[in-house]
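Descriptive structure summary
Letter by letter, the chains look like this.
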Amino acid sequence: MVNLIRKDIIALKWYWLFVLGYGAVFGLIARSPHSPLIIVMLPAIMLTIFVSNIELRNKSMLFIGSLPVKRSQIVRAKYASTFLYLTIGIAMALLMQLISRSFPDEVFTLNGFVLAIGTAVALLYSSVYYPLHYLLGPRNSSIISVIMIFLSSALAASLNKSIDLSRIALPSKLQVLIGLPLAGLVLLYVSYRVSLAILSRRDIEG
Amino acid sequence: MNERVDGRRGEFAIEIRSLTKRFSRFALEDVTLNVKQGYITGLVGANGAGKSTLIKAMLGMSVPLAGEVRLFGEPLAGKEDALKERIGYVADDSHFYEHLSIGAMKSVYAPFYRKWDERLFRRYLERFELSPKATIRSLSKGMKMKLALAFALSHQAELLIMDEPTAGLDPVFRRELLDILAELMLDERQTILFSTHITTDLDRIADYIAFLHQGKLAFHESKEEVFDRYAIVRGDLSLLDADVRRLFVGIRESSVGFEALTSNRMEAERLLAEYARIERASLEDIMYLTAKGVPAHG
């Protein structure tokens, strides 16, 4: 599984720069109250799409299918990558917060609540994306990707806007901080089982 | 036949049992094929005969409706990772990441194989005049095929599966590729399955021929047996009565006579030697008359 994740990391090559660039734009130039949240979840969304597009363009599933791996490992590696991308998003957001401290007038609020929402959205994204990816095949995934970006952005923005931290009592806040990522994890696991069931019954196609 | 002294002769590298795979417009029906270890088996058939589908089933990339694939005596299902480590696969087209350099692609590929031999890989790159710094996108079709071959041969694979490796290649490289395969076969444990519709390639190197026609295995025999058994018969139309027609697998009739393929050369010679020309059938004749010739009976 590690080799499959490493494969995607190498294949992404300069696409990493896009993610870092977007992080810098939202964190330093085009700041908004949603910037921390966008930076946290952005790598998970962007890199998932980039990897799928690279595989689609090169018909790489035909190459991957010939490698000494099981179908279950292919699926597991995709889901595990979500955590890697999420970690990168969180690290980028922390870096932006450190940088923002050099500019006292600028506000960049990265708190547990933002992290919880960002994590939940990233996990939700993967949970919806991968079963569709395996069900509809790589060709339709590029269309799915476009729709998913809009859905995720809309969801994240509405979540961030509608919940006011000051009005939430401590137990509720804790519930949100733990509950959201936990719900995301449960959803991701269910999604993993669904993707596995789909791929085990389908041919590997480019 | 090209006999090799091989302690493992008689074992099968690939066993396909009653494999059925159906698509909306095409089906592989009940294919049973045993590929002998230590030999080159040529998988021939017209485009769309099911060669690539069968190869994908061998690699566990397609899910059959029925049947079983065994590699090196073990069922593929559930052991794909261990069994495929012993296979080198060369596809009909490059599916590597085009934007990567050869060196970067090697970093993707090599860790999957415990027996990866870096020195051997470097040697193949040198032999094929491939620079590790070259991006895959910049390579010609022939160079990409060489790269695929370098990858497939650098992890001590016991079974090399090649899906139409010579399609679209110039004759010089096709000949070079056949020379490489012949060199590989000096190692008696090596098995090669080579799918192609360019039958002259197989005339040169194959030990066994498996012929797929419309999703069914028409025959799988040693090359010599095929050439002994099949023959082309050419003669006058007046010879074609019902008994004679029964001898033929496929027949083409024209105003000047007929050309037919028989799978029973001895019987054809007994009945027609005095009246018709009976010649050795090439693999191309066999493919052509089986696929395009009108069935001579039933």
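Residues numbered from 1 in each chain as written. Chains lettered and ligands numbered in written order. Predicted model: local features only at pLDDT ≥ 70, side-chain atom pairs only at ≥ 80, totals over all residues.

An unreviewed UniProt entry annotates chain B as ABC transporter ATP-binding protein of Cohnella fermenti.

The name that an unreviewed UniProt entry assigns to chain A is ABC-2 transporter permease, with the source organism given as Cohnella fermenti.

**Regarding the overall build of chain A**
A count of helical and extended segments in chain A gives eight helices and zero strands. Within the span of chain A, comprising 206 residues, buried residues form 41% of the whole. By sequence separation, contacts in chain A at least 24 residues apart represent 85% of the contacts at least 6 residues apart. (Helix = DSSP H or I, 4+ residues; strand = E, 2+ residues; numbered from the N terminus. Buried ≥ 20, exposed ≤ 12 C-beta atoms within 10 Å, placed from the backbone. Contact = placed C-beta atoms within 7 Å.)

**Here we look at the environment of Val226 of chain B**
Residue and element names in this part refer to chain B. With respect to the secondary-structure elements, Val226 resides in helix α8 (residues 223–229). Note: C-alpha distance between Val226 and Tyr208 (18 residues apart in sequence) is 8.8 Å. Among residues more than four places away in sequence, those in contact with Val226 are Ile209, Phe219 and Glu221.

**Concerning the sheet that holds strand β12 (residues 248–254) of chain B**
All names here are of chain B. Spatially, the four strands line up as an open sheet ordered β12-β13-β11-β14, and their pairing is antiparallel. Each end of this open sheet is capped by a strand with a single partner; those strands are β12 and β14 (277–280). Looking at each pair of strands side by side, their axes are set apart by 20 degrees on average, direction ignored. Sheet analysis places strand β11 (residues 231–235) next to strand β13 (residues 257–262), joined by five bridges and oriented antiparallel. If you follow Val233 over to β13, its bridge partner there is Ala260. (Pairing = 2+ DSSP bridges. Axes fitted to C-alpha atoms, helices over the stretch in contact; angles between N-to-C directions.)

**Quick look at the confidence of the model for chain B**
The share of residues in chain B with pLDDT of 70 or more is 94%, and the mean pLDDT across the chain is 86. Of the regions scoring below 50 in pLDDT, residues 1–9 of chain B engages in 12 contacts with residues more than four places distant in sequence or in other chains. (pLDDT = per-residue confidence, 0-100.)

**Description of the interface of chain B and chain A**
Each side of the interface is counted separately: chain B has 23 residues, and chain A has 23 residues. Looking at the side of chain B that touches chain A, the elements with two or more residues in it are α2 (80–84) and α3 (102–109) of chain B. Here the residues of the side of chain B that touches chain A are counted per class, giving 13 nonpolar, four polar and six charged. (Nonpolar A, V, L, I, M, F, W, Y, C, P; charged D, E, K, R; others polar.)

**Brief notes about helix α10 (residues 265–272) of chain B**
Residue and element names in this part refer to chain B. Of the residues making up α10, those classed as buried are Arg265, Ala268 and Leu272. Viewed end-on, α10 has its buried residues packed into an arc of 60 degrees, placing them on one side of the element. Among the exposed residues of α10, those oriented more than 90 degrees off its buried face are Met266 and Arg270. Close packing links the buried residues of α10 with α8, β11, β13 and β14. (Arc of directions from axis to C-beta.)

**Details of the sheet that holds strand β5 (residues 74–75) of chain B**
All names here are of chain B. Read across the sheet, four strands follow the order β2-β1-β4-β5 without closing on themselves; strand pairing throughout is antiparallel. On the outer flanks of this sheet lie β2 (27–36) and β5, each paired with one strand and no other. The pairing of strand β1 (residues 12–22) with strand β4 (residues 66–71) spans five bridges and is antiparallel. Bridge assignment links Ile16 to a residue of β4, and that residue is Val69.

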